[in-house]
Amino acid sequence: MTFPRISLVGGLILSIYLTSIIYLFDKSLYGDSLRSGAMLSSPSSKFLNSFTAASSLLNVMSHSGVVLGALNDTYVISILVGVGFDVMTRILQLIWWIDITWSSLHLEALSREVIDKTKLHNTAGFLAVLTTIYIYHMIIHLRALRLNTSLERLNKVLTGALNNLRGIPGDKFQDHVFAYTDLGGHLLPLGLSVVLLKRQHEVWAAFRALVFLITLSYMALSRIPFNKHETYPRIGKGVEGEITCSCSACERRTKRKSNDSSFTFNIHDGICHLWLYSFDDLSTNLFEVTAATRGVATLAVA
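Every chain is numbered on its own, with residues counted from 1 as its sequence reads. pLDDT decides what is reported in this predicted model: residues at 70 or higher carry local features, side-chain atom pairs at 80 or more are listed and counted, and totals for whole chains, interfaces and linings draw on all residues regardless. The side-chain values count all of the structure's non-hydrogen atoms but skip hydrogen atoms and water molecules.

Side note on the overall build of the protein
The number of helices and strands found in the protein is ten helices and four strands. Only DSSP runs of H or I with at least four residues qualify as helices, and only runs of E with at least two residues qualify as strands; both kinds are numbered from the N terminus onward. The N-to-C order of helical and strand elements in the protein reads α-α-α-α-α-α-α-α-β-β-α-β-β-α. In the protein, which comprises 302 residues, the proportion classed as buried is 45%. Shrake-Rupley sampling with a 1.4 Å probe provides the accessible areas, and residues are treated as covered by the protein chains on show and by no other component. Surface exposure of the protein reaches about 16,400 Å², of which carbon and sulfur atoms provide 66%. Exposure is judged per residue with a 1.4 Å probe applied to protein chains only, and the accessible area is read against the type maximum: over 50% gives exposed, under 20% gives buried, and values in between give partly exposed.

Remarks on the environment of Glu-152
Along the chain, Glu-152 turns up in helix H6 (residues 151-166). For Glu-152, a relative accessible area of 52% gives the class exposed. Separated by 134 residues in the primary sequence, Glu-152 and Leu-286 have C-alpha atoms spaced 9.7 Å apart.

Considerations on the state of the cysteines
The criterion for a disulfide is a pair of cysteine sulfur atoms lying within 2.5 Å. Under the definition given, this model contains zero disulfides. Considering cysteine sulfurs only, Cys-250 is the nearest to Cys-247, which forms no disulfide, with 3.6 Å between them. Accessibility expressed as a relative area gives 0% for Cys-247, which makes it buried. Not engaged in a disulfide, the cysteine Cys-250 finds its nearest cysteine sulfur in Cys-272; these two sulfurs lie 3.5 Å apart.

Looking at the pattern of salt bridges
The working definition used for a salt bridge is a side-chain nitrogen of Lys or Arg within 4 Å of a carboxyl oxygen of Asp or Glu. Applying the stated criterion to the full structure yields eight salt bridges. Note that Arg-35 is salt-bridged to Asp-32, the shortest N-O span being 2.8 Å. Of this pair, Arg-35 and Asp-32 both sit in helix H2 (residues 29-36), three residues apart, which is roughly one turn of the helix. Taking relative accessible area as the criterion, Asp-32 reaches 12% and is therefore assigned buried. The partner of Lys-46 in a salt bridge is Glu-202, with the nearest N and O atoms 3.9 Å apart. Placement of Lys-46 in helix H3 (residues 45-67) and of Glu-202 in the loop between helix H7 (174-199) and helix H8 (203-222) is noted, with a sequence separation of 156 residues between them. A relative accessible area of 42% places Lys-46 in the partly exposed class. The class for Glu-202 is partly exposed, based on a relative accessible area of 24%. Each member of the salt-bridge network shares a partner with another, and the members are Asp-26, Asp-32, Arg-35 and Lys-119.

Some thoughts on the packing of helix H1 (residues 8-26) against H7
Only the stretch in contact is used when fitting a helix axis, every axis being a line fitted to C-alpha atoms; angles between N-to-C directions are given from 0 to 180 degrees. The interhelical angle for the contact between H1 and H7, taken along N-to-C directions, is 40 degrees, at an axis separation of 9 Å. With respect to their mutual orientation, H1 and H7 come out oblique. In terms of crossing hand, the pair formed by H1 and H7 is right-handed. Side by side, H1 and H7 meet where Val-9, Gly-10, Gly-11, Ile-13, Leu-14, Tyr-17, Leu-18, Ile-21, Ile-22 and Phe-25 of the first sit next to His-176, Val-177, Tyr-180, Thr-181, Leu-183, Gly-184, Gly-185, Leu-187, Leu-188 and Leu-192 of the second. Residue classes in the contact of H1 with H7 are distributed as 14 nonpolar, six polar and no charged. Throughout, the term roughly parallel applies to angles under 35 degrees, roughly antiparallel to angles over 145, roughly perpendicular to angles from 65 to 115, and oblique to all others. When the near helix sits turned anticlockwise from the far one by under a right angle, the crossing is termed left-handed; a clockwise turn instead gives a right-handed crossing. Pairs of residues are marked as contacts when any of their non-hydrogen atoms sit within 4.5 Å. Residues are grouped as follows: Ala, Val, Leu, Ile, Met, Phe, Trp, Tyr, Cys and Pro are nonpolar; Asp, Glu, Lys and Arg are charged; all remaining types, including Gly, are polar.

Comments concerning unusual backbone geometry
Here the phi dihedral of Phe-173 falls at roughly 60 degrees; this positive angle occurs in a residue that is not glycine. Within the element layout of this structure, Phe-173 appears in the loop between H6 and H7. Within the chain, Phe-263 stands out as a residue other than glycine whose phi angle is a positive 50 degrees. Mapping Phe-263 onto the fold places it in the loop between helix H9 (248-257) and strand S3 (265-266).

Quick notes on a nonpolar patch on the surface
A cluster of nonpolar side chains, namely Val-9, Phe-173 and Val-177, defines an oily patch on the protein surface of about 210 Å² accessible area. Tracing the sequence through the fold places Val-9 in helix H1. By definition, no residue in a patch forms a salt bridge, and every one has over 30% relative accessible area; like charges are joined within 9 Å, nonpolar side chains (Val, Leu, Ile, Met, Phe, Trp, Tyr) within 5 Å.

Quick notes on the side chain of Ser-150
Assignment of secondary structure puts Ser-150 in the loop between helix H5 (117-145) and H6. Those residues in contact with Ser-150, other than ones at most four positions away along the chain, are Gly-241 and Ile-243.

Regarding the packing of aromatic side chains
Two aromatic rings, drawn from Phe, Tyr or Trp (for Trp, its six-membered ring), form a pair once their centres lie within 6.5 Å of each other, and the interplanar angle then sorts them: stacked below 30 degrees, edge-to-face above 60, tilted otherwise. The final tally for this structure, using the stated rule, is eleven aromatic pairs. On the basis of an interplanar angle of 25 degrees and a centroid distance of 6.0 Å, the ring pair of Phe-25 and Tyr-30 is categorised as stacked. Assigned by exposure class, Phe-25 and Tyr-30 land together as buried. Ring pairing ties together the aromatic residues Phe-25, Tyr-30, Trp-96, Trp-97 and Phe-126, which thus form one cluster.

Details of the confidence of the model for the protein
The pLDDT averaged across the protein works out to 84; a share of 87% of its residues lies at or above 70. The weakest mean pLDDT in the protein belongs to helix H10 (residues 279-301) at 65; the strongest belongs to H7 at 94. Contacts of residues 296-302 to residues separated by more than four positions or lying in other chains number zero contacts, the stretch itself having pLDDT below 50. One confidence number per residue, pLDDT, is output by the predictor and ranges from 0 to 100.

Set out below in C-alpha cells:
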C-alpha cells in the first residue's frame, strides 16, 4: 500500500462536509463577527484560541496519518491515547465554541436593529450541523474507549479501525464518514483559531500550548508501568459477556477489584498486554476466541 493513499470516497466526504460547514459559517452571524472583529472581544480568547489550535493540530496530524495511509497497521493503544486525547479536545472545542458564540453573536445582535432572516437561518443551520457532528463523534469515541464491554463491540471497533487504516469505506461508507468528518471537525477549529491568533499577533502562544500538551501527555503516559516480561495473554469472555484477559496487569486488577478485567491501564496495575497488540494481530486473536466460543455454544446445545 502506497503513501500517500488518496481515497476518492473519503475525499468527497471531506470536501462536502468542509464546503457545507464553511459556507454556512461565512454566511452566518459568525462570519460577520469574524469580519467585524467582534469574535476577538472575549477576555479568554487568546488562551482558548492557543490551546484549541494546538490540540486541533495534533488531532489533524494523527487523523491525516490514518486516512492518507501512513499507518498500514498500528498498536491498539493508539485507540486509548488517540481517542482519549480526541475526546478531551472535543470538550475544549465545545468550551471554545461557546465562548465564541457568546462574544460574537451577542455583540452582533446588539449592534443591529434588524437581523436578516437568511443570516439567522444560516446561523441555525451551522449550529445544527456542528452539534449533530459533535454528538455523533462523541458517541463513537466513547464507545471505542469502552471496547472491552463485549466481544461484539471490540470486533466492531477493530473492524472500523482496520478499514480506515487500509482505505476501506466500510458498510454503507460508515467508517469513512466517521473518519473524514472527524478530520474535518478538527480542520475547522484549527483554521479559525489560527486566523484569530494571527489577528491577535499571538501565533507563538499556540506553539507554547503545543509544547505544553506534548510534555503533559508524555509525563502522564510515562507513569504507567509496562510489563517487560509478559507471557502470552489469553483473551476470553466473561459470564456477563464482558472481555477477560489473563495478562499480569489484568490479573493484578482482578485481585484488587474482585472482578474480571481486561484492557487495564493505570499506575497501580500497569498496562494490559492487549493494548500492545497490533490491530491486525488482535483481530486475528479475537476471531479465534469468537470461533471457539461459538463452538462451545454449539456443543452445549447439541
